[in-house]
4 protein chains.
Amino acid sequence: MTEGCLLSYCRLFKNKPSIEESQDASQAGGEDSKGRIIYGDYLQLDKITTAQVLQSELQGNKIHDEHLFIVTHQAYELWFKQILFEIDSVREIFISGHVRDERNMLKVNTRIHRIVMIFRLLVDQFTVLETMTALDFFDFRKYLVNASGFESLQFRLLENKIGVQDNLRVPYNRRHYKDYIKGDDTETLLDTEQEPTLLKLVEEWLERTPGLEVDGFNFWERLEINIFDGLNVEEKKIEKMPESEEKEKLMAELVKQREHFTSLFDEKRHDHLVSKGERRLSYKALQGALMIYFYREEPRFQVPFQLLTSLMDMDNLMTKWRYNHVCIVHRMIGSKAGTGGSSGYHYLRSTVSDRYKVFVDLFNLATFLVPRHWVPKLNPTVHTFLYMAECCDSSYCSSEDSD
Amino acid sequence: MTEGCLLSYCRLFKNKPSIEESQDASQAGGEDSKGRIIYGDYLQLDKITTAQVLQSELQGNKIHDEHLFIVTHQAYELWFKQILFEIDSVREIFISGHVRDERNMLKVNTRIHRIVMIFRLLVDQFTVLETMTALDFFDFRKYLVNASGFESLQFRLLENKIGVQDNLRVPYNRRHYKDYIKGDDTETLLDTEQEPTLLKLVEEWLERTPGLEVDGFNFWERLEINIFDGLNVEEKKIEKMPESEEKEKLMAELVKQREHFTSLFDEKRHDHLVSKGERRLSYKALQGALMIYFYREEPRFQVPFQLLTSLMDMDNLMTKWRYNHVCIVHRMIGSKAGTGGSSGYHYLRSTVSDRYKVFVDLFNLATFLVPRHWVPKLNPTVHTFLYMAECCDSSYCSSEDSD
Amino acid sequence: MTEGCLLSYCRLFKNKPSIEESQDASQAGGEDSKGRIIYGDYLQLDKITTAQVLQSELQGNKIHDEHLFIVTHQAYELWFKQILFEIDSVREIFISGHVRDERNMLKVNTRIHRIVMIFRLLVDQFTVLETMTALDFFDFRKYLVNASGFESLQFRLLENKIGVQDNLRVPYNRRHYKDYIKGDDTETLLDTEQEPTLLKLVEEWLERTPGLEVDGFNFWERLEINIFDGLNVEEKKIEKMPESEEKEKLMAELVKQREHFTSLFDEKRHDHLVSKGERRLSYKALQGALMIYFYREEPRFQVPFQLLTSLMDMDNLMTKWRYNHVCIVHRMIGSKAGTGGSSGYHYLRSTVSDRYKVFVDLFNLATFLVPRHWVPKLNPTVHTFLYMAECCDSSYCSSEDSD
Amino acid sequence: MTEGCLLSYCRLFKNKPSIEESQDASQAGGEDSKGRIIYGDYLQLDKITTAQVLQSELQGNKIHDEHLFIVTHQAYELWFKQILFEIDSVREIFISGHVRDERNMLKVNTRIHRIVMIFRLLVDQFTVLETMTALDFFDFRKYLVNASGFESLQFRLLENKIGVQDNLRVPYNRRHYKDYIKGDDTETLLDTEQEPTLLKLVEEWLERTPGLEVDGFNFWERLEINIFDGLNVEEKKIEKMPESEEKEKLMAELVKQREHFTSLFDEKRHDHLVSKGERRLSYKALQGALMIYFYREEPRFQVPFQLLTSLMDMDNLMTKWRYNHVCIVHRMIGSKAGTGGSSGYHYLRSTVSDRYKVFVDLFNLATFLVPRHWVPKLNPTVHTFLYMAECCDSSYCSSEDSD
């Protein structure tokens with residue numbers, strides 16, 4: 001990949017560090033005598049490519065396929081590391097308030113999209129592991145004793161940082177997921193439960209969606225009025241129809257629709273759904289999301305709309321990853337229950353659930369879409385600010401990178 | 001993945017090592033106080049997930065995307081390790097003569113197929129790296145100075161072990177590829193040039209294809225007779241046609257065909273093509289491959305035929321990997337030439353060539369296919385042995401694994 | 001793709017049809033005045049590329065994304081056609097008894113593998129449809145009224161031909177799936193319920209696995225003896241351990257294991273599980289499958305083993321296709337229930353179930369694996385015939401294709 | 001997919017057409033007696049699933065794999081239809097000037113991204129065709145006579161509409177590509193050569209990039225000044241170094257750099273490169289593209305930057321599609337040349353070239369990147385308008401869709 005750097009071009013632009021700095025760098029990064037960085041040192045391949053120790057070999061019965069098993073899991077962990085790195089950087093942009101400078105939206109969007117692309121790869125990665133049959137796995141699984149993918153710290157961190165809710169988790173063999181994480185790692189894990197999740201941060205950002213202000217455009221009230229006006233018009237049309245089975249059906253449907261939309265504007269019901277875990281975003285954030293949906297083509301909402309779409313992509317791919325995991329476990333060990341009670345297979349199946357879909361509200365908003373002519377018209381004022389991005393702090397408004 | 005091992009089932013079948021053994025294992029493999037292996041220790045995650053040191057950060061200007069750059073390359077190297085492991089095991093089966101026991105063909109086939117699946121993943125993996133733009137790359141490439149993917153030892157080993165021929169390699173900036181590999185690694189690399197390549201081993205195996213024996217079925221002579229008989233029949237048909245442009249065309253084509261097939265049965269011409277690098281297999285091996293092609297449905301040839309197909313898949317995917325690499329380099333650094341002469345981009349492009357296709361002969365045999373009724377009929381003797389596999393050594397003929 | 005056919009080569013080998021034949025062919029296949037077949041006519045592109053009529057456009061409100069919706073579904077149906085073609089050809093080989101000539105196993109295997117590759121593509125195809133958002137879909141879904149993917153005849157045929165069992169289907173809105181198929185198609189569908197399914201045909205083939213003969217090798221009895229001998233040896237080892245919690249645990253596990261394996265050899269219990277739909281294969285077929293598993297490296301079992309693996313791949317991918325379908329429906333319409341009762345989303349979710357996994361027994365056999373030294377040793381007689389394929393009919397034993 | 005529409009919800013919102021309209025619609029769209037649209041009629045499955053006529057079968061020798069060959073090509077053509085539909089809609093937005101209302105950028109971007117996703121699928125689709133071996137293909141390729149993928153009208157249209165330049169095309173067998181397209185289709189093809197290509201339209205749009213105005217921000221002049229100032233600073237640094245080999249090298253590199261950047265600001269040289277086909281965009285458009293690159297994080301440039309990235313993705317994937325095509329042709333027919341001269345294989349290989357990369361300039365701009373502190377600082381005026389999108393026409397500034 002770095003052939004480009006053989007070009008003199010790079011050399012020239014290098015900001016040469018002072019001698020002291022470069023010595024440190026040389027020790028850490030691995031340079032040759034001429035200060036050139038060596039590929040293998042840079043990537044620390046001495047660590048990466050020597051980390052495959054087969055338990056079966058240690059115990060005197062080397063089983064070929066254990067190597068694949070190890071490498072595949074290491075590749076998963078390597079990519080989990082990258083995903084965590086991206087999630088953390090996105091959370092940092094939100095936490096620091098940099099997201100208020102809309103110049104940072106490109107970064108946020110690009111990084112969530114990158115996570116999506118990584119998860120797509122991770123789903124495909126199961127096709128490699130599937131070249132191992134149940135019989136090959138049987139030959140060495142006894143040597144693993146209890147080691148379990150359930151113990152992947154990084155995957156739990158990832159879930160927590162995105163916002164999988166503790167009380168929505170499916171317990172495994174009646175024990176909490178944290179019981180499967182060892183030592184210091186438990187602390188690391190507990191820490192993440194205290195940090196703001198991506199869900200929480202996106203929620204706060206959605207709550208600030210311009211146009212929601214009650215003393216301004218007041219999107220929510222306008223929408224409510226338009227929807228019920230619209231339904232009334234529908235009702236009158238239906239009433240004028242001659243009596244028929246069709247008419248009755250339509251009227252029944254109208255009643256359902258009215259109920260359905262009434263629920264949308266009922267904050268108490270919303271809070272009730274949140275308490276049951278069926279909704280995850282605050283009432284205000286939900287409004288912001290719907291507003292972005294409806295006005296997605298306004299210049300200022302285009303990138304936010306892409307972000308909401310990418311968040312759903314990410315959620316969807318995590319759930320597909322879980323499902324592919326279930327499939328390969330079924331293949332490797334069948335569906336028999338263990339002594340402890342539920343089998344690994346059945347436990348994993350139960351996690352392929354909307355309870356683990358963090359941004360489930362973004363999906364379910366699809367049930368509240370309305371015809372375009374019901375969407376409140378923008379007035380000139382709001383229209384203008386939807387063409388203008390916000391730059392919260394003049395110090396950011398330069399071409400410096402604020403990474 | 002290993003949830004299955006939480007089941008008691010595994011525990012029971014474990015051949016418990018003696019106390020001394022288990023102590024060693026415990027140190028190397030990482031067990032907790034109860035002898036359970038810990039997931040993170042088993043996978044040596046302390047090495048894998050701490051090997052990401054950003055040069056840009058060391059030099060005081062942390063660039064976010066360098067992390068992706070490192071992780072992607074590490075993932076490539078991890079999978080190269082796995083591919084080398086599979087290639088070595090397949091070569092070992094061939095070298096040890098185990099391949100003569102046809103029970104081992106399943107293993108050979110499965111492992112080459114696994115390499116195919118890994119390469120498919122590696123091609124897709126570029127989609128992740130493509131989330132980095134040329135501008136993101138520019139921000140940190142100066143810190144890499146000269147480190148170059150060209151220096152990947154494992155990729156060179158892989159090429160050598162499969163059978164990329166030294167004299168067919170494209171020199172980079174007029175220097176040999178070995179000049180880019182440092183220190184001890186050069187020796188490792190030179191060693192592989194002495195070892196039998198996969199190409200060589202497959203060649204020897206093809207030369208032993210049953211049915212080639214001159215004093216037996218004598219496939220090659222029969223095929224030659226049939227083909228020229230067939231062409232003569234065609235010629236007579238054409239001669240009977242009334243004079244016409246069409247007739248002339250067909251006759252001209254027939255002449256071409258006769259020349260083409262004459263070349264197939266001309267051993268000297270074959271050797272000449274080999275010397276030019278246009279063919280890679282011996283004359284006898286080529287015959288074996290064509291025999292397997294024509295009689296692929298015979299029980300004994302079904303798995304060998306799959307193997308030849310998988311070898312082509314592997315070759316094809318390596319070349320697609322190279323091409324995808326070219327594309328991303330074009331994207332990251334453009335196509336400008338460096339001071340040294342040729343640019344990285346143009347060099348890489350030149351390696352997307354049939355010179356790097358090790359099993360190119362298997363592709364080109366497609367030009368020597370003939371109608372089914374020209375293929376020599378099997379006589380009862382040869383037919384029988386194509387229904388019977390060979391077991392060279394009775395000691396293998398048990399259900400023990402000879403991994 | 002067919003550039004090769006511009007080569008004279010093809011022309012020469014063409015068996016020219018008589019004038020009458022060629023006239024028919026010309027009408028049906030589309031040739032130009034010189035008898036050349038025209039690409040667009042050959043592929044009937046006049047049908048394929050003119051079949052996109054947008055309902056929204058017909059009704060005066062053309063919505064751009066409806067075109068994608070139509071093309072995606074047409075591409076699905078095109079590939080379903082191909083899958084049905086392959087399934088039918090494989091069933092034909094089994095029904096006609098050609099499968100007894102083991103030369104035909106390559107075909108069977110290749111075609112099931114092809115279905116696997118197609119399903120892999122179909123799973124990926126959802127990524128294209130995902131470029132349409134719920135809001136884009138909302139704009140035209142009203143014009144589709146009731147048209148539903150549920151009405152895809154080809155998908156139902158596919159399920160039936162593979163062997164999805166009628167009584168295991170999840171009813172949709174309390175109505176049977178056949179109620180959603182219209183007119184003549186119902187008959188076509190009912191017909192497939194009478195034809196032998198792929199499951200049934202594979203079952204019959206497995207029942208004939210050489211080595212199962214009670215008066216021959218008698219695999220099943222030998223296996224039973226070995227397993228219980230093995231468990232007894234384990235028991236004695238455990239008994240010798242000093243009393244401890246560990247000992248108790250292991251003993252409890254042993255009891256479980258004994259129960260588990262006892263169930264394997266209990267034909268009545270098997271039949272009970274079959275009646276509940278938890279097992280699908282006959283008792284004898286299950287034995288055949290396990291025998292192929294254990295002796296998969298024997299030359300004669302290598303291709304059959306690959307076939308069993310491919311059947312699982314196919315099942316897995318169908319289930320992944322269903323799951324991806326669920327995900328996109330969630331995205332497009334949310335999870336709200338309709339008037340009729342259950343929502344489309346929840347119905348579809350319920351079909352992502354082992355009830356729809358036709359070859360579920362092949363997965364669950366993974367719970368009955370045993371250490372290699374428990375597997376009955378082959379005696380010389382059985383060993384010989386596992387090295388020899390069967391050719392049932394000498395008339396097949398020529399190099400003619402019996403497609 | 002359309003299960004959602006079984007919900008009453010859709011019914012309600014349907015704008016019922018008048019009786020006359022609905023009769024037409026019913027005929028065209030296929031409704032049942034209750035006005036419900038039937039799935040199979042809607043998708044015109046009677047056309048789609050009956051369009052597979054095997055030439056081999058017509059000529060009395062049905063070859064199984066011809067069915068796959070036909071279906072695969074039909075699937076390609078189906079997707080080409082979709083891509084053309086998207087390209088045409090994007091071109092329409094540009095041609096009509098709607099793109100000046102930046103609300104339409106989301107659409108443009110989404111549709112180009114959709115083409116990218118389709119091409120990704122089309123590249124993967126070769127894995128299905130690869131399940132056919134050269135030997136299977138040989139059995140029926142004689143029946144295809146001359147039909148050639150080279151004759152795909154839609155693919156040529158696609159190339160022309162995107163902007164593959166006529167004079168950069170590689171002639172096939174010394175004949176122009178149009179000679180391979182028959183009858184009326186030639187006209188259709190010639191028409192596209194007169195229409196504005198996507199390249200041309202993007203070029204015009206880039207030329208309007210805000211900030212290029214000579215009497216305004218004057219990006220280009222500022223950039224030129226900054227770059228040469230920067231190089232001068234570098235030069236002084238180098239001059240201060242003690243004499244050494246390193247110093248000489250750096251100085252030589254600096255000279256190269258200065259030449260390289262001098263060429264960037266030399267309009268005549270640019271026009272010369274354009275005349276040779278090495279550059280494709282106008283000088284002004286190139287400036288716009290580079291400006292978007294450097295200020296990509298400015299709110300108003302975020303979506304334009306994504307668009308440039310997607311255009312490169314599209315180009316890259318078309319070229320990968322070509323390369324995958326080459327690989328399968330190599331596999332199916334080998335690399336032998338035909339009577340006509342060059343072989344299909346070699347011709348196709350030659351089209352995997354930068355000559356066919358329409359947006360090649362966007363890639364090559366990577367050679368003109370500079371350190372961030374060389375990029376001209378935005379002044380308050382220009383900064384403001386990069387936070388404000390343009391809405392050219394108040395009539396568009398409503399929430400109506402202008403599809």
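Residues numbered from 1 in each chain as written. Chains lettered and ligands numbered in written order. Predicted model: local features only at pLDDT ≥ 70, side-chain atom pairs only at ≥ 80, totals over all residues. Heavy atoms only, no water.

Colleague: Would you take a moment to explain the overall build of chain A for this structure?
Modeller: What chain A contains, in helices and strands, is 19 helices and zero strands. In chain A, buried positions account for 66% of the 403 residues. The contacts in chain A between residues at least 6 apart in sequence include a share of 74% that link residues at least 24 apart. Taken as a whole, chain A presents about 14400 Å² of accessible surface, with 50% of it coming from carbon and sulfur. (Helix = DSSP H or I, 4+ residues; strand = E, 2+ residues; numbered from the N terminus. Buried < 20%, exposed > 50% of the residue type's maximum accessible area, 1.4 Å probe, protein only. Contact = heavy atoms within 4.5 Å. Areas by Shrake-Rupley, 256 points an atom, 1.4 Å probe, with all protein chains shown as cover.)

Colleague: Can you walk me through the pattern of salt bridges in this structure?
Modeller: A side chain of one charge can pair with a side chain of the opposite charge if their charged atoms are brought near each other. In the structure shown here, the tally under the stated rule is 84 salt bridges over all chains. The salt bridge involving R258 of chain B is made with E235 of chain B; its shortest N-O contact spans 2.9 Å. With R258 of chain B in helix α13 (residues 245–264) and E235 of chain B in helix α12 (residues 219–240), this residue pair connects regions lying 23 residues apart in the sequence. The partly exposed category is assigned to R258 of chain B, whose relative accessible area is 22%. Among the charged side chains, a network of salt bridges with common partners joins D88, R91, K161 and E195 of chain A. (Salt bridge = Lys/Arg side-chain N within 4 Å of Asp/Glu carboxyl O.)

Colleague: Can you walk me through a negative patch on the surface in this structure?
Modeller: Together, D184, D185, E187 and D191 of chain A line one region of the surface with negative charge. With respect to the secondary-structure elements, D185 of chain A resides in helix α10 (residues 184–194). (Patch = residues over 30% accessible without salt bridge, like charges linked within 9 Å, V, L, I, M, F, W, Y side chains within 5 Å. Lys, Arg positive; Asp, Glu negative; His and termini not counted. Charge placed at Lys NZ, Arg CZ, Asp CG, Glu CD.)

Colleague: What am I meant to see in helix α17 (residues 344–351) of chain C here?
Modeller: Residue and element names in this part refer to chain C. Here α17 has its buried residues at G344, Y345, Y347, L348 and T351. One side of α17 holds all its buried residues, which, seen down the axis, span an arc of 165 degrees. Packed against the buried residues of α17 are α9 (153–162) and α16 (299–333). (Arc of directions from axis to C-beta.)

Colleague: Would you explain the packing of aromatic side chains in this entry?
Modeller: Two numbers describe a pair of aromatic rings. These are the distance of the centres and the angle of the planes. Residue and element names in this part refer to chain A. According to the stated counting rule, one finds 82 aromatic pairs over all chains in the structure shown. Summarising the aromatic geometry, the rings of F80 and W321 are spaced 6.0 Å apart at their centres and angled 70 degrees between planes, so their arrangement reads as edge-to-face. Linking F80 in helix α6 (residues 66–95) with W321 in helix α16 (residues 299–333), this pair joins segments that are 241 residues apart in sequence. Side by side, F80 and W321 carry an identical accessibility label, which is buried. Feature note: the residues F217, F219, W220, F228, F265, Y283, F294 and Y295 constitute an aromatic cluster, connected by ring pairs. Stacked on the ring of F363, the Lys or Arg K357 has its end atom at 4.4 Å from the ring centre. (Phe/Tyr/Trp six-rings, centres within 6.5 Å; stacked < 30°, edge-to-face > 60°. Lys NZ or Arg CZ within 6 Å of the ring centre and 35° of its normal.)

Colleague: What's the story with the environment of E297 of chain B in this structure? I'm lost.
Modeller: By the secondary structure assignment, E297 of chain B is in the loop between α15 (283–294) and α16 (299–333). Taking the C-alpha atoms as reference points, E297 of chain B and L386 of chain B, separated by 89 residues in sequence, lie 9.8 Å from one another.

Colleague: Even after reading the chapter, I still don't get the domain arrangement of chain A, so can you show me in this structure?
Modeller: For interface size, the figure often reported is the accessible area lost on association. The assigned domain composition of chain A is domain 1 (60–210 + 300–357) and domain 2 (219–263). Each of domain 1 of chain A and domain 2 of chain A was reduced to a C-alpha centroid, and the two centroids are 43 Å apart. (Domains from an automatic or database assignment.)

Colleague: Sorry if this is basic, but what is going on with the environment of S275 of chain A here?
Modeller: Along the chain, S275 of chain A falls in helix α14 (residues 267–275). S275 of chain A sits 113 residues away from I162 of chain A along the chain, and the two C-alpha atoms are 19 Å apart.

Colleague: How do you make sense of unusual backbone geometry when you look at a structure like this?
Modeller: Most peptide bonds adopt trans geometry, and most residues besides glycine take a negative phi value. In the Ramachandran plot, N218 of chain A falls in the positive-phi region, its phi being about 55 degrees despite a non-glycine side chain. As for its placement among the helices and strands, N218 of chain A is situated in the loop between α11 (198–207) and α12 (219–240).

Colleague: It is not clear to me how the packing of helix α12 (residues 219–240) of chain D against helix α13 (residues 245–264) of chain D should be interpreted in this structure. Could you clarify?
Modeller: Angle between the axes and distance between the axes are the two parameters that describe a pair of packed helices. All names here are of chain D. Where α12 contacts α13, the axes come no closer than 10 Å and their chain directions differ by 170 degrees. Compared by their axis directions, α12 and α13 come out roughly antiparallel. Along its contact with α12, which presents W220, I227, F228, L231, N232, E234, E235, I238 and E239, the element α13 presents K247, L250, M251, L254, Q257, R258, F261, T262 and L264. For the contact of α12 with α13, the class distribution of residues is 10 nonpolar, three polar and five charged. (Axes fitted to C-alpha atoms, helices over the stretch in contact; angles between N-to-C directions. Parallel < 35°, antiparallel > 145°, perpendicular 65-115°, else oblique. Nonpolar A, V, L, I, M, F, W, Y, C, P; charged D, E, K, R; others polar.)

Colleague: Would you explain the packing of helix α12 (residues 219–240) of chain C against helix α15 (residues 283–294) of chain C in this entry?
Modeller: Residue and element names in this part refer to chain C. Look at α12 against α15: their axes get within 10 Å of each other, and the N-to-C directions meet at 70 degrees. Accordingly, the angle class assigned to the pair α12 and α15 is roughly perpendicular. Considering how the two elements wind past one another, α12 and α15 form a crossing that is left-handed. Where α12 approaches α15, its residues F219, W220 and L223 are matched on the opposing element by Y283, Q287, L290, M291 and F294. Across the contact of α12 with α15, the residue classes tally to seven nonpolar, one polar and no charged. (Left-handed = near helix turned anticlockwise from the far one by under 90°.)

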